[in-house]
Amino acid sequence: MGASPPAPPEGGYGWVIVGCYVANMACAIQLVQMMGLVLKDVFKSLDISDSEGTTIITLCQAVSFVLGVVAGPIIRRWGFRWAAAGGALLAAAGLALSSTARTFIEFTLYFSLLMASGLSLSYPAYIVALNTYFRSRRTLATAVAMALTGAAAILTPQVISAASGHFGPSGAMLALGGVLLQSLVGAVLLRPLPAARPPPPTTATPAAEAETPMLKTDLTQGEKAESSPPVRVYGALRSVVAFFDLELLRSPSFACLLVGTSLGLFADINFVQFLPFVLGRRGFSTREAADIMSVFGVTDTLCRLSAPLLHRACGRSSRFMYAATLGVFAATRTGEWSATKGYFI
């Protein structure tokens, strides 16, 4: 028998992991989501059309989601520390190289592919690390991480606006690439849990030793059977299923949850990414757009803090609360679109 997995500490160094998660969200995820404050001016100066700019941003989001499937096997093979570190280096390099981009193709390669690949690798690593260090207190740790992440969202637009005003749009992208590289510090601090001690070896009995030749014969026959083409094909498919954890899709509840949360997250990220472009079209400056997004962050933080209390007061299930939240999102953002008198990005 192999060693049992180590028990999560439920605190201690786990709170350092929470801090690393917040640092990665502030320096990488939120920074990229709010890059529209800079990209709107960069695209305008380079005569990149609206359709090309939209393609660059949405392709970045699509690549980061699609390649997230590969992150799980990489984390299992090399651990969440190396996955987060590699993702931070790729993302920082992609954003820094984007400051030198002058064409649609270059932005697609650097921003939409290279940087998005790094984000898709680093973000799941922090999720796995957080779940590794917390089990019974996971709800508390997640709530603290989400609250601090919302607080960081208040400052991120101001940092981007200050960098754009001081270095210019292209120079700001290079400077923000350096900010994104700071997430590497959090990746280094993702210390894996020490492995549990394996159980003491057992001494084989004479009866077991006598059965060993028969066992070897059975294994040899099994290997010969697996060498036939039909079994080999089935084994290859089974390896793919195990590699990508596709067994989870057998649960209809999980499949519905996966599709629903993905659509909700996709809509929310698109709203944040394209909001600076909408505000710019309405005549708002970069500083004013940053102030609006900071107010958005304040409201988001207050809602994150009050959500558990509201959930307890209503006494409803998490599914109902999430559906109600999506309804509020749809109503308010549809009203925002109506106020634009038919304006589309």
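Residues numbered from 1 in each chain as written. Predicted model: local features only at pLDDT ≥ 70, side-chain atom pairs only at ≥ 80, totals over all residues. Heavy atoms only, no water.

**Q** How should I be thinking about the overall build of the protein chain in this particular structure?
**A** Along its length, the protein chain carries 13 helices and zero strands. Helices and strands appear in the protein chain in the N-to-C order α-α-α-α-α-α-α-α-α-α-α-α-α. Here the protein chain, with 345 residues, has 33% of them falling under the buried criterion. Considering only intrachain contacts with a sequence separation of at least 6, the fraction spanning at least 24 residues in the protein chain is 85%. Carbon together with sulfur atoms contributes 69% to the accessible area of the protein chain, which is approximately 19,800 Å² in total. (Helix = DSSP H or I, 4+ residues; strand = E, 2+ residues; numbered from the N terminus. Buried < 20%, exposed > 50% of the residue type's maximum accessible area, 1.4 Å probe, protein only. Contact = heavy atoms within 4.5 Å. Areas by Shrake-Rupley, 256 points an atom, 1.4 Å probe, with all protein chains shown as cover.)

**Q** What is the right way to read the UniProt feature "transmembrane region" (unreviewed entry) in the protein chain from this model?
**A** Look at the UniProt record and you will see "transmembrane region" (unreviewed entry) annotated at residues 12-36, 56-75, 82-101, 107-128, 140-160 and 172-190. Along residues 107-128 the backbone is 100% helical and 0% strand, and the end-to-end C-alpha distance reaches 31 Å. End-to-end, the C-alpha atoms of residues 172-190 are 29 Å apart, and along that stretch the chain is 84% helix and 0% strand. (UniProt positions renumbered as here; feature names shortened; annotations may be inferred.)

**Q** Which parts of the structure should I look at to understand the packing of helix H2 (residues 36-45) against helix H11 (residues 252-281)?
**A** Helix-helix packing is described using two parameters, namely the angle between the two axes and the distance between the axes. Across the interface, H2 lies against H11 with an axial gap of 8 Å and an inter-helix angle of 50°. Taken as axis vectors, H2 and H11 run oblique relative to one another. Considering how the two elements wind past one another, H2 and H11 form a crossing that is right-handed. Within the contact between the two elements, H2 uses Gly36, Leu37, Leu39, Lys40 and Phe43 and H11 uses Gln273, Pro276 and Phe277. Within the contact of H2 with H11, the residues separate by chemical class into five nonpolar, two polar and one charged. (Axes fitted to C-alpha atoms, helices over the stretch in contact; angles between N-to-C directions. Parallel < 35°, antiparallel > 145°, perpendicular 65-115°, else oblique. Left-handed = near helix turned anticlockwise from the far one by under 90°. Nonpolar A, V, L, I, M, F, W, Y, C, P; charged D, E, K, R; others polar.)

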